[in-house]
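Descriptive structure summary
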Amino acid sequence: MKDRGVLTVFSGFSGAGKGTVMKELLRRYPDQYALSVSCTSREPRPGEREGIEYFFISREEFEKRIAAGYFLEHAEYVGNYYGTPAPYVIDKLEAGIDVILEIELQGALQIREKLPEAVLVFLLPPTADELERRLRGRGTETEEKILARLARAVEEAEEMVHYDYLIVNDDLDECVEEVHSLIHSCHHTAKNRRELMEEMRKQVQRFRREA
Ligand code: 5GP
């Protein structure tokens, strides 16, 4: 019997390298993982492609979809809506593929409520100095934006406590393998093996003896 896929929520400090870790995980294990593409009501940034980074829809369309129950979770973040399309995630999990959601805290907590077997992982930089170095190293943002992002880290640090696992992204290679083995081991949690449990329960019934 093929297990259902494991649902992992991946959040973390902005600048910790979430995107890079996810990209590398999918490159190494393309058949095992699927990254859910969210819908958002924000405008695309230069270089962002429809259906790759996000599905870009209007606020009105977003609200229609909320009402229709299309989202597994949704949140308003800095004035824009973000949401995870339920059908894609459910289909993949049922096909035994591990699905990853790269979403923020409010969404992560909704997932925990709805699907308690989901695993919540938070990615950290090794130190605050390193976080600053990485944010500056991108060389694409203004000083003001860098300072705003660093200030966000103070709030982000308060979010860690809500997650199941903290992973430090020091060496990319090690970090990717840690995430991979963590998700792999979650296939064995009792919460993720309901079908196996049910099947075993049924099988042992034939040993039952009347009292
Ligand atoms: P950005 O606008 O920078 O792409 O994303 C802003 C925040 O929204 C990030 O923390 C990102 O992880 C989060 N996010 C992206 N998609 C979703 C989603 O479907 N649901 C929720 N709750 N957050 C999301």
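This text follows the structure it describes.
Residues numbered from 1 in each chain as written. Predicted model: local features only at pLDDT ≥ 70, side-chain atom pairs only at ≥ 80, totals over all residues. Heavy atoms only, no water.

1. Regarding the site of the ligand
Stated precisely, the cut-off is as follows: We call a residue near a given molecule or strand whenever any one of its heavy atoms falls within 4 Å of it. Two N or O atoms count as a polar contact when they lie within 3.5 Å, although within protein this holds only if one can serve as hydrogen donor and the other as acceptor, and sequence-adjacent residues are included solely when both atoms are side-chain atoms. Every accessible area reported is derived by Shrake-Rupley at a probe size of 1.4 Å, with residue values counting cover from the shown protein chains alone. Numbering of helices and strands runs from the N terminus, with a helix taken as a DSSP run of H or I at least four residues long and a strand as a DSSP run of E at least two residues long. Residues are grouped as follows: Ala, Val, Leu, Ile, Met, Phe, Trp, Tyr, Cys and Pro are nonpolar; Asp, Glu, Lys and Arg are charged; all remaining types, including Gly, are polar.
The local shell around the ligand holds 14 residues, among which Ser-38, Arg-42, Tyr-54, Tyr-82 and Glu-104 are the closest. Within the side chain of Arg-45, a nitrogen or oxygen atom sits 3.0 Å from an oxygen atom of the ligand. Protein chains shield 85% of the accessible area of the ligand, which is 510 Å² for the free molecule. For the shell around the ligand, the secondary structure elements donating two or more residues are β5 (71–77) and β6 (80–85). When grouped by side-chain class, the residues that make up the shell around the ligand number 5 nonpolar, 4 polar and 5 charged.

2. As for the sheet that holds strand β2 (residues 33–35)
Worth spelling out the cut-off: One requirement defines pairing of two strands: DSSP has to find at least two bridges between them. All axes here are fitted lines through C-alpha atoms, helices being fitted over the stretch that makes contact, and every angle between N-to-C directions spans 0 to 180 degrees. Throughout, a contact is declared for two residues whenever any of their heavy atoms are within 4.5 Å.
Reading across the sheet, the 5 strands line up as β2-β7-β1-β8-β9 and stay open at both edges, with parallel pairing between neighbours. The two strands at the open ends of the sheet, each matched to only one other strand, are β2 and β9 (165–168). This sheet shows a mean twist of 30° between the axes of neighbouring strands, independent of strand direction. Helix α4 (residues 105–114) contacts β1 (7–12), β7 (98–101) and β8 (119–124) of the sheet and is inclined by roughly 155° relative to β1. Those strands touched by helix α7 (residues 172–186) are β1, β2, β7, β8 and β9, and its axis lies near 160° from that of β9.

3. Focus on the nonpolar core
Within soluble globular proteins, side chains that are nonpolar tend to cluster in buried spots. Operational definition: Buried Ala, Val, Leu, Ile, Met, Phe, Trp, Tyr and Cys residues that are joined via side-chain atoms within 4.5 Å together make up what is termed a nonpolar core. Exposed residues in this analysis have more than 50% of their type's maximum accessible area, buried residues have under 20%, and partly exposed residues fall in between, with area computed by a 1.4 Å probe over protein chains only.
Counting 42 residues, the largest nonpolar core has Leu-7, Val-9, Phe-10, Val-21, Leu-101 and Ile-111 as the members making the most contacts within it. If near-sequence neighbours (up to four positions away) are discounted, Leu-101 is found in contact with Leu-7, Thr-8, Val-9, Phe-10, Ser-36, Thr-84, Val-89 and Ile-111. Among the nonpolar cores identified, the runner-up in size contains 5 residues, and Cys-39, Ile-57, Phe-62 and Tyr-81 belong to it.

4. A short note on a negative patch on the surface
Rules: Patch criteria: residues need more than 30% relative accessible area and no salt bridge. Like-charged residues are merged within 9 Å; nonpolar side chains of Val, Leu, Ile, Met, Phe, Trp and Tyr are merged within 5 Å. What makes a salt bridge here is a side-chain nitrogen of Lys or Arg within 4 Å of a carboxyl oxygen of Asp or Glu, nothing more. Residues counted as positive are Lys and Arg, residues counted as negative are Asp and Glu, and His and the chain ends are not counted. Where a charge lies is defined by one atom per residue type, namely NZ (Lys), CZ (Arg), CG (Asp) and CD (Glu).
Taken together, Asp-170, Asp-171, Glu-174 and Glu-178 make up a surface patch of like negative charges. With respect to the helices and strands, the residue Glu-178 is situated in helix α7. Classification of Glu-178 as partly exposed rests on a relative accessible area of 37%.

5. Focus on a nonpolar patch on the surface
There is a patch of nonpolar side chains on the surface, built from Met-200, Val-204 and Phe-207 and spanning about 290 Å² of accessible area. Along the chain, Val-204 turns up in helix α8 (residues 194–204). Look at Val-204 and you get partly exposed, because its relative accessible area is 36%.

6. Digging into the environment of Val-6
Relative to the elements of secondary structure, Val-6 occurs in the segment before β1. Counting along the chain gives 91 residues from Val-6 to Ile-97, while the straight-line C-alpha distance between them is 7.3 Å. Apart from the residues lying within four places of it in its own chain, the contact partners of Val-6 are Leu-93, Ile-97, Asp-98, Val-99, Val-119, Ile-183, Cys-186, His-187 and Asn-192.

7. Some thoughts on the packing of helix α5 (residues 128–137) against helix α6 (residues 143–159)
Going by this rule: Should an angle lie under 35 degrees it is considered roughly parallel, over 145 roughly antiparallel, and from 65 to 115 roughly perpendicular; all remaining angles are considered oblique. Whether a crossing is left-handed or right-handed is set by the direction in which the near helix is turned from the far one by less than a right angle, anticlockwise for left-handed and clockwise for right-handed.
Where α5 meets α6, the axes come as close as 10 Å, and the angle between the chain directions of the two elements is 150°. Relative to α6, the element α5 is oriented roughly antiparallel. Seen along the crossing, α5 lies across α6 with a hand that is right-handed. Of α6, the residues touching α5 (which contributes Leu-131, Glu-132, Leu-135 and Arg-136) are Glu-143, Ile-146, Leu-147, Arg-149, Leu-150 and Ala-153.

In short, shape yes, function no, at least from these values alone.
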